[in-house]
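# Structural features, examined
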Amino acid sequence: MAATQSPANGHQPPQRPLIMRFAARSDVGRIRSKNDDSAYAGRHLAVVADGMGGHAGGDVASAATVLDMIHLDRGGYHGDAGTVLADEIQTANSLLSELVHQNPKLAGMGTTVTALLLAEGKLHFAHIGDSRAYRLRDGEFKQVSVDHTFVQRLIDEGRLRPEEAESHPHKNVLMRVLGDVDASPELDLDTLDVRPGDRWLLCSDGLNYVAGHAVERTVRETKDLRECVETLVDLTLEAGSPDNVTVIMVEIVEETPDDVSTAAVEVIPSTNAALAVAAAARKDTPPAASNAAGDPDSKEAEDPGDSKDADGAPSVQSGATDPHLGEHLSAEVLREELASRPHELVGAAAAAAESGSIPTIAGRTVARRAATLLTHRAEQPGNDAEDTLAPAKPRRWVTWTIAASVLVALTIGLWLGYAWTQTRYYVGEFDSRVAIYNGVSQRLGPIGLSSLETVTEIRMDSLPPFSQQRVRQTVPANDLYDAQRIVKNLELTGTTSPEQDCPTPSPSPAASTPAPAPTASAAAAPAPDASPAAAGPSPTPSPSVTCEAVQ
């Protein structure tokens, strides 16, 4: 971009705000029956979400997350925009947990999220999962995001080479994701400098089936954003496309007068106006069409009444009789919000917006959801009469203090217990081979208390049956050295017991000196009352395990 000429008085002209030019496309692919990807691109926000959970609700997870974030597409924020972006993703995570609680059939669903928020001259980045973000700046094409996968963890630890990742059997195992697994998942967050001319590629992992050099060449050489996303998706389809694929291309540019003149104004100025729109939609929609919008049992029923508030505007009354008002309002508010600005919405989120099947939570009131979308403000719990808390009773702070102290003590105790487990080791099985694990073999609910330390070359089928059973049941070790000693015994003797613990042919000290043949023969004969317990320190000794394999 050419440098701006300075005027005669020496003052620089005011810098124009930066916005995004964008293009997006999503495709179900060659094999999948439904699209679990969702994406949104606007002048200030770009987000890709790749749902997981298969038929259980991957499309619900990605659509709910993206639709819950579209109100962030604006340039002005009172506080730190990066914090707002992170909080909104955490809120979307809690929404998914509530959806699963409301409908257990969705258990196990989750989604990745990779998002860019352009606000006040900064680009705020948030990421979790294995969707990716690439930046092309000054001729350098670079991946900015880091995959939260098992194979990437192995690469970071130096246990796997990058070229081996594509053929690894666990390459699709995610270590971090939004969903009903973690109440507060760890996000990768960053605030990046931004320049006009920067180009960004956001994509789901379906694009990984296209060679990296082909992706880079396409982004470099294809100047038109629409043509670029079309080409990238077509390349994925030509490669067989066993997964859904979603691509967003973004270019940072300075806002022009044409952008300002075409910017849409606020369509619905207040929540009460939104309720009026919903009431009109309710009257014009037959019951059959209302049922198509979603599950009425999962929506909160509220209805605008005829009463007036202090300003003469219609107020919301509880005890409404229309069970579909929440559906109408969510769909109407969402469509009005999308119509208020240039954007592209693709994938499962676009299908949900078109059909009106917006994921809704009983207990999240219609007024609060509408206020979030229409006024672009964080939810204010005090705005709803039903959410107003009763005045605190005297000395309630004592109860809260005790509860907080108990919670802190419990948290410290759990942390110390977990830290202790990470000082332990055990020998077990992994992929039909003997392996060493760090931790203990027990689980705490869904939380595993161990991690794979190393996998040996000892195959399970090369061990005696009793030793195979012992390894599958796990053999505890005091530390890593002890675990390595057990593995060495398995390699040399086929047992978990140390060789030196077995009874020697002659316990007499004279065994070290030459002896007549008859005496040696007599010494080699087992004593009639020999006990198998002398074979080693194993809790469950057996002659076939400890000594028969020792030569």
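A few points on the structure. Predicted model only: the values in this text are computed from it and were never measured. (Residues numbered from 1 in each chain as written. Predicted model: local features only at pLDDT ≥ 70, side-chain atom pairs only at ≥ 80, totals over all residues. Heavy atoms only, no water.)

So, on to the environment of A419. Relative to the helices and strands, A419 is located in helix α12 (residues 396-421). Given the relative accessible area of 27%, A419 is considered partly exposed. With 20 residues separating them in the primary sequence, A419 and G439 have C-alpha atoms 9.1 Å apart. (Helix = DSSP H or I, 4+ residues; strand = E, 2+ residues; numbered from the N terminus. Buried < 20%, exposed > 50% of the residue type's maximum accessible area, 1.4 Å probe, protein only.)

Attention now goes to unusual backbone geometry. One non-glycine residue with positive phi stands out, namely E120, at about 55°. Of note, E120 is situated in the loop between β5 (113-119) and β6 (122-128). Relative accessible area serves as the criterion here: at 53%, E120 is assigned to the exposed category. Despite not being glycine, T474 has its phi angle at roughly 75°, a positive value. With respect to the helices, strands and loops of the structure, T474 is situated in the loop between α13 (465-472) and β19 (475-477).

Counting residues in each nonpolar core, the largest one holds 40 residues, and the members touching the most others are Y40, M69, L85, I89, V113 and L345. Listing elements by their share of this core, those giving two or more residues are β3 (45-52), α1 (58-67), α2 (81-102), β5, β6, α9 (325-339) and α10 (348-355). With eight residues, the top contributor of residues to this core is α2. Once residues within four sequence positions are removed from consideration, L345 is found in contact with A39, Y40, V66, L67, L338, A350 and A353. By size, the runner-up hydrophobic cluster in this structure holds 21 residues, among which are A39, A133, L202 and I248. (Core = buried A, V, L, I, M, F, W, Y, C linked by side-chain atoms within 4.5 Å. Contact = heavy atoms within 4.5 Å.)

Turning our attention to the sheet that holds strand β16 (residues 425-430). A sheet is described by the order of its strands in space; here four strands give the open sequence β18-β17-β16-β19, paired in antiparallel fashion. Single-partner strands in this sheet number two, and they are β18 (447-459) and β19. Each adjacent strand pair in this sheet contributes to an overall mean axis angle of 35°, direction not counted. Where β16 meets β19, three bridges bridge the pair, whose relative direction is antiparallel. Its bridge partner lying in β19, V427 is registered against V475. The sheet contacts of α13 involve β16 and β19, and relative to β16 the element is tilted by about 115°. (Pairing = 2+ DSSP bridges. Axes fitted to C-alpha atoms, helices over the stretch in contact; angles between N-to-C directions.)

The next point concerns the packing of α1 against α10. Two elements in contact, α1 and α10, have axes whose closest approach is 8 Å; the angle formed by their N-to-C orientations is 75°. With respect to α10, the element α1 is oriented roughly perpendicular. Of the residues in α10, those touching α1 at D59, S62, A63, V66 and L67 are A348, A349 and A352. Split into classes, the residues belonging to the contact of α1 with α10 amount to six nonpolar, one polar and one charged. (Parallel < 35°, antiparallel > 145°, perpendicular 65-115°, else oblique. Nonpolar A, V, L, I, M, F, W, Y, C, P; charged D, E, K, R; others polar.)

Bringing the pattern of salt bridges into the picture now. Evaluation of the coordinates by the stated rule reveals 26 salt bridges. Between R195 and D138 there is a salt bridge, with the nearest N and O atoms lying 2.7 Å from each other. Taken together, the residues span a long stretch of sequence, with R195 in the loop between β10 (188-192) and β11 (199-203) and D138 in the loop between β7 (132-137) and β8 (140-143) at a distance of 57 residues. Classification of R195 as partly exposed rests on a relative accessible area of 37%. Take D138: its relative accessible area is 69%, and that puts it in the exposed class. Of the charged contacts in the structure, one is a salt bridge between R195 and D193, with a shortest N-O distance of 3.9 Å. Exposure remark for D193: the relative accessible area of 38% places this residue in the partly exposed category. (Salt bridge = Lys/Arg side-chain N within 4 Å of Asp/Glu carboxyl O.)

Before going further, it helps to spend a moment on α10. Residues of α10 that are buried include every one of A348, A349, A350, A352 and A353, and no others. Looking one or two residues beyond α10, the residue adopting positive phi is G356, at roughly 85°.

Moving on to the sheet that holds β11. Taken in spatial order, the five strands of this open sheet run β1-β12-β11-β7-β8, and their pairing is antiparallel. With partners counted over all chains shown, the strands left at the sheet margins are β1 (18-27) and β8, one partner each. The average angle at which neighbouring strand axes cross in this sheet is 15°, direction not considered. Bridge count for β7 against β11 is five bridges, and the pairing is antiparallel. What sits directly across from R132, in β11, is C203.

Now for the packing of aromatic side chains. Evaluated as defined, the whole model comprises two aromatic pairs. Ring centres 5.2 Å apart and planes at 5° place the aromatic pair Y134 and F141 in the stacked group. Residue Y134 is classed as buried on the basis of its relative accessible area of 12%. The class for F141 is buried, based on a relative accessible area of 16%. Measuring from centroid to centroid gives 5.0 Å for Y426 and Y437, while their planes differ by 5°, and the two rings are stacked. Here Y426, found in strand β16, pairs with Y437, found in strand β17 (residues 433-444); they are 11 residues apart in sequence, far enough to count as distant. Judged on exposure class, the residue Y426 and its partner Y437 are both buried. (Phe/Tyr/Trp six-rings, centres within 6.5 Å; stacked < 30°, edge-to-face > 60°.)

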